[in-house]
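Fold and geometry: a report
Take a look at the letters that make up each chain.
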Amino acid sequence: DSIGAEVLKGLLSGGAKVVVTTSRYNREAMQYYQNMYQQCGARGSTLIVVPFNQGSLQDVKKLVEFIYDDSPRSENLGWDLDYVIPFAAIAVQGREITDIDSRSELAHRIMLTNLLRLLGEIKTHKAKRGYETRPAQVILPLSPNHGLFGSDGMYSESKIALETLFNRWYSESWSAYLTITGTVIGWTRGTGLMNVNNIVAEGIEKLGVRTFSTKEMAFNILGLMHPTINALTQAEPVWADLNGGFQFIPDLKEATARLRAGIRESSEIKKAVAADSSLDFKAVAGAKNESMHKPRVIKPRANHKFPFPTYKSYEQLESLRHLQGMVNLDKVVVVTGYGEVSPFGHAETRWEMEAYGEFSLEGCIELAWIMGLIKHFNGRLKNKQLYSGWVDAKTEEPVEDKDIKARYEKQILEHT
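Parameters and conventions
- Residues numbered from 1 in each chain as written.
- Predicted model: local features only at pLDDT ≥ 70, side-chain atom pairs only at ≥ 80, totals over all residues.
- Heavy atoms only, no water.
- Pairing = 2+ DSSP bridges.
- Helix = DSSP H or I, 4+ residues; strand = E, 2+ residues; numbered from the N terminus.
- Right-handed = clockwise from strand over helix to strand, strands pointing away.
- Axes fitted to C-alpha atoms, helices over the stretch in contact; angles between N-to-C directions.
- Parallel < 35°, antiparallel > 145°, perpendicular 65-115°, else oblique.
- Left-handed = near helix turned anticlockwise from the far one by under 90°.
- Contact = heavy atoms within 4.5 Å.
- Nonpolar A, V, L, I, M, F, W, Y, C, P; charged D, E, K, R; others polar.
- Phe/Tyr/Trp six-rings, centres within 6.5 Å; stacked < 30°, edge-to-face > 60°.
- Buried < 20%, exposed > 50% of the residue type's maximum accessible area, 1.4 Å probe, protein only.
- Lys NZ or Arg CZ within 6 Å of the ring centre and 35° of its normal.
- Polar contact = N/O pair within 3.5 Å; in protein donor to acceptor, adjacent residues only side chain to side chain.
- Patch = residues over 30% accessible without salt bridge, like charges linked within 9 Å, V, L, I, M, F, W, Y side chains within 5 Å.
- Areas by Shrake-Rupley, 256 points an atom, 1.4 Å probe, with all protein chains shown as cover.
- Salt bridge = Lys/Arg side-chain N within 4 Å of Asp/Glu carboxyl O.
- pLDDT = per-residue confidence, 0-100.
- Core = buried A, V, L, I, M, F, W, Y, C linked by side-chain atoms within 4.5 Å.

Comments concerning the pairing of strand S2 (residues 46–51)
Two strands pair when backbone bridges link them, and strand S1 (residues 17–22) and S2 are joined in this way by six bridges, in the parallel orientation. Looking at S2, one finds that threonine 22 is bridged to proline 51. Taken together, S1, helix H2 (residues 27–40) and S2 form a β-α-β motif whose crossover is right-handed.

Examining the packing of helix H4 (residues 102–129) against helix H5 (residues 155–162)
Two elements in contact, H4 and H5, have axes separated by 8 Å at closest approach and are oriented at 20°. On the basis of their axis angle, the class for H4 and H5 is roughly parallel. Crossing geometry of H4 relative to H5 is assigned as left-handed. Only Tyr155, Glu157, Ser158, Lys159, Ala161 and Leu162 of H5 make contact with H4, whose side of the interface consists of His108, Met111, Leu112, Leu115 and Leu116. Here the residues of the contact of H4 with H5 sort into seven nonpolar, two polar and two charged.

Some points on the packing of aromatic side chains
One pass over the full model with this rule turns up four aromatic pairs. With a centroid separation of 5.2 Å and 75° between ring planes, the pair formed by tyrosine 32 and tyrosine 33 is classed as edge-to-face. Relative to phenylalanine 359, the ring of phenylalanine 344 lies with its centre 6.0 Å away and its plane at 70°, an arrangement referred to as edge-to-face. Linking phenylalanine 344 in the loop between helix H11 (287–291) and helix H12 (347–356) with phenylalanine 359 in the loop between H12 and helix H13 (361–370), this pair joins segments that are 15 residues apart in sequence. Residue phenylalanine 344 is classed as partly exposed on the basis of its relative accessible area, which comes to 24%. Looking at arginine 134, its charged tip hangs above the ring of tyrosine 131, at a distance of 4.7 Å from the centre.

Quick notes on the packing of helix H3 (residues 57–68) against H4
Where H3 meets H4, the closest approach of the two axes is 9 Å, and the angle between their N-to-C directions is 35°. By crossing handedness, the relation of H3 to H4 is classed as right-handed. Listed contacts from H4 to Leu57, Val60, Lys61, Leu63, Val64, Glu65 and Tyr68 of H3 are Arg109, Asn114, Arg117, Leu118, Glu121, Ile122, His125, Lys126 and Arg129.

Observations regarding the side chain of glutamate 366
Structurally, glutamate 366 is set in helix H13. Within the structure, the side chain of glutamate 366 is placed 2.8 Å from the side chain of histidine 346, a separation counted as a polar contact. Setting aside chain neighbours within four positions, we find glutamate 366 in contact with His304 and His346.

What about the pairing of strand S5 (residues 178–185)?
With eight of its eight residues buried, S5 lies for the most part within the structure. Burial along S5 is two-sided: Leu178, Ile180, Gly182 and Val184 facing one way and Thr179, Thr181, Thr183 and Ile185 facing the other are all buried. As defined by bridge partners, strand S4 (residues 136–142) adjoins S5 across seven bridges and the pair is classed as parallel. Counted as the bridge partner of valine 138 is isoleucine 180 from S5.

Quick notes on a nonpolar patch on the surface
A surface patch of nonpolar side chains, about 770 Å² in accessible area, is lined by Leu317, Leu320, Leu323, Met326, Val327, Leu329, Val332 and Val334. Positionally, leucine 317 belongs in the loop between H11 and H12. Residue classification places leucine 317 among the partly exposed positions, given a relative accessible area of 40%.

Thoughts on the sheet that holds strand S6 (residues 238–242)
A sheet is described by the order of its strands in space; here four strands give the open sequence S3-S4-S5-S6, paired in parallel fashion. A strand with exactly one partner marks an edge of an open sheet, and here the two such strands are strand S3 (83–84) and S6. Relative to S6, S5 runs parallel, the two being bridged by five bridges. Paired with threonine 181 across the strands is valine 238, a residue of S6. Along the sheet face, H4 touches S3, S4 and S5 and points at about 175° away from the line of S4.

Here's the deal with the pattern of salt bridges
Between side chains of opposite charge, a pair can form as their charged atoms come close. Summed over all chains, the structure comprises 14 salt bridges. Between aspartate 80 and lysine 126 there is a salt bridge whose closest N-O contact spans 2.7 Å. One end of the pair, aspartate 80, is in the loop between H3 and S3; the other, lysine 126, is in helix H4, and 46 residues separate them in sequence. Grouping residues by exposure puts aspartate 80 and lysine 126 together as buried. A salt bridge links arginine 134 to aspartate 80; its shortest N-O distance comes to 3.2 Å.

Brief notes about the side chain of lysine 159
If you trace the backbone, lysine 159 turns up in helix H5. Discounting chain neighbours no more than four positions away, the residues touching lysine 159 are Met111, Pro141, Leu142 and Ser143.

Focus on the confidence of the model for the protein
Across the protein, pLDDT averages 85, with 95% of residues at or above 70. Confidence, read as mean pLDDT per element, is least for H11 in the protein (62) and greatest for S3 (94).

A short note on the nonpolar core
Counting residues in hydrophobic clusters, the biggest one holds 28 residues, and the most contacted among them are Ile122 and Leu140. Not counting residues up to four positions away in its chain, the partners in contact with leucine 140 are Leu115, Leu162, Leu165, Ile180, Thr181, Gly182 and Thr183. Counting residues in each nonpolar core, the second largest holds 23 residues, with Leu47, Ile185, Phe212 and Ala240 among its members.

Here it is, written out as structure tokens:
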């Protein structure tokens, strides 16, 4: 989950028209945004998903052109932006100043260089069309992490450099087209950038720092888009401190290191206690009984169901007695079964896709078998081991039920 996704849900709930960019323009991403729109889209809302690489100068130019170009023969939108929320970022943990590499440079380009280019392109298109009375409010993603965590490449440098826009708003020529709302985003649990630190979030809160869920932070950011705040930004840039008290921890890196060490120590103690208890039980009750208390790894298996059709009793059909003798049953054709071949297989698998948007494990297995991707095997494998189950049709290697969906679903969707 991400802050941007939660902000998007809030905007759609309010009936906004939104252009959202994604670096993963595939079926899974489209299904994700489609579900989000179905759940959150209010009357009048519009969601347009655009493939976009913020590390590419060409993509930056083409994106803004797609939004602003209003020529009659093009398929572009011809819109004017009211808000810009440029939250694109990539994680660069584990890189000190001695380890700055191409990924660090790419992150810096995404989070700073091309973000400035994006704002510059918006200003250019607004000026070209004379939109001087409708400046776009830029929700600038700032961070209290100015090297506090360490080992995060050029992340801190990117965020600090964005703060220069507060002065450049006065000294440069674009203040009539863009307004700045600097949002200092605090410790937000569950985001891609903070996943590695989620384990110590509870301990950090005990030190007096407020951490946020993605929904809480999105709620705060949506509040900054209120017309009252928007009006303030047209007079001067606004600084919104949502860091939750980050600055009050004198040595954040040392504090998080202590918390991690405490968690590791607690985990090792619990493991030792569990091992000792297991030995005690084994000595008292025997090894066979002790094995019953060991955890077992349960692998999911398909549960194919082929229930017999329900039929009505003779008493329930009593109302049809008047039909008796109407035709000679010796000469009547009776259809006792039927089959369907359609998009996504047959009736049951097609219903799965229409109702849930994806195949079940059982549906994938059935279609993989029908399409000849797998076959059932009962006998000895090439290594002479006895085996009964599914095997790959080409390699004849065993395939577990739980792996069939991940392994074959893409090929099934491409050919159904």
